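What follows is each chain in one-letter form.
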Amino acid sequence: NNIRMYLRFMGRTYFAGLALAGTKQGGPSSGSVFAFVIEPFLICLSRSVGPRSTISGYADDVAAIVVNFLKYLPRVKKAFDLFYEISKLELGITKCVAIPLFLCTDEECRAMIRSVAPGWGDFGIAQSGVYLGWTVGVEIGQDHVKDQFLKFKERVALARAPGEGLLSSIIFYNTRVATVMSHVA
């Protein structure tokens, strides 16, 4: 199952190489190559959903907040199907979690997904979740907010540690303290 790779540039197609089945991951450039390849896919995903929706990616994780997901989910699935045809990397359905931003039971949500995106009905369903520090969902508990405030308080204490200069304290605060509260809405 070797894959011939091509690049299209300025209307011309160029042979870029051969991806051999069983090629080892983790080479020095593998992360950069993956980022180079995934960026056009994220752009494609962003264009497949409405203007009020958000697509973000970090490493090999993709998060999507899709307004009116019944309308746009077929387009999102089509984008993932296209990505599979190009890269032979497929979505790990059992690793996916759908977090509805409206009240519904898990089975109701799963049935809605199946109705517009056959094959994706085995997504996990959660009423809330955390992605890169952001909590989303209709059942966000007060415990999460309380945890964020405790983390903030601990980091403020570290920023005020004696013996640190003003510049070090400012940098620490901006990178390690203020960012904690940016996740709490």
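Above this text is the structure in question.
Rules used throughout
- Residues numbered from 1 in each chain as written.
- Predicted model: local features only at pLDDT ≥ 70, side-chain atom pairs only at ≥ 80, totals over all residues.
- Heavy atoms only, no water.
- Helix = DSSP H or I, 4+ residues; strand = E, 2+ residues; numbered from the N terminus.
- Buried < 20%, exposed > 50% of the residue type's maximum accessible area, 1.4 Å probe, protein only.
- Contact = heavy atoms within 4.5 Å.

Focus on the environment of Lys 151
- By secondary structure assignment, the location of Lys 151 is in helix H4 (residues 142-159).
- The exposure class of Lys 151 is partly exposed, given its relative accessible area of 36%.
- Separated by 26 residues in sequence, Lys 151 and Val 177 place their C-alpha atoms 8.4 Å apart.

Details of the side chain of Ser 48
- With respect to the element layout, Ser 48 can be found in helix H1 (residues 30-48).
- If sequence neighbours within four positions are ignored, Ser 48 has contacts with Tyr 72, Arg 75 and Val 76.

Re unusual backbone geometry
- The backbone of Met 10 shows a phi angle near 55°, a positive value even though the residue is not glycine.
- Note on placement: Met 10 falls in the loop between strand E1 (3-9) and strand E2 (12-19).
- Its identity is not glycine, yet Asn 68 carries a phi of approximately 60°, on the positive side.
- Structurally, the position occupied by Asn 68 is in the loop between strand E4 (61-65) and helix H2 (69-87).
- The exposure class of Asn 68 is partly exposed, given its relative accessible area of 45%.

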